[in-house]
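# Coordinate inspection notes
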Amino acid sequence: MLITATELKSNLGKYLLLAETEDIFITRNGKLVAKLSNPNQDRVEIAKSLFGILPADMTLEEAKEERLTRI
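These numbers were taken from a predicted model, which means no experiment stands behind them. (Residues numbered from 1 in each chain as written. Predicted model: local features only at pLDDT ≥ 70, side-chain atom pairs only at ≥ 80, totals over all residues. Heavy atoms only, no water.)

## Quick notes on unusual backbone geometry
Phi angles above zero are rare outside glycine, and asparagine 29 is one such case at about 55°. Mapping asparagine 29 onto the fold places it in the loop between strand E2 (24–28) and strand E3 (31–36). (Helix = DSSP H or I, 4+ residues; strand = E, 2+ residues; numbered from the N terminus.)

What follows is the structure, given as structure tokens:
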């Protein structure tokens, strides 16, 4: 989403809530000056990408042990 700095100042609460789910790009005098984003978004995306990697019949402890034996 692209908004002006004036719009951000006028509706900060609204954009803080929106930043939880999408990046907010802020412009001043027609130039991009900042980005408001969720600092945890990268962590969420990484966690989502890991779902399904372990076989269903493997426990977390077995996975840890297997990883340690590969090193």
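## Quick look at the environment of methionine 1
Its location among the elements puts methionine 1 in the segment before strand E1 (2–4). Considering only alpha carbons, one finds methionine 1 and glutamate 22, 21 residues apart in sequence, at a separation of 7.5 Å.

## A look at the sheet that holds E3
Reading across the sheet, the three strands line up as E1-E2-E3 and stay open at both edges, with mixed pairing between neighbours. In the strand order of this sheet, the two ends are held by E1 and E3, each with one partner. Strand-to-strand twist of the sheet, defined as the mean angle between neighbouring strand axes without regard to direction, takes the value 35°. Summarising the sheet, E1 and E2 pair through three bridges and their orientation is parallel. Bridge pairing in E2 links leucine 2 to phenylalanine 25. (Pairing = 2+ DSSP bridges. Axes fitted to C-alpha atoms, helices over the stretch in contact; angles between N-to-C directions.)

By themselves, these observations are geometric and do not establish any function.
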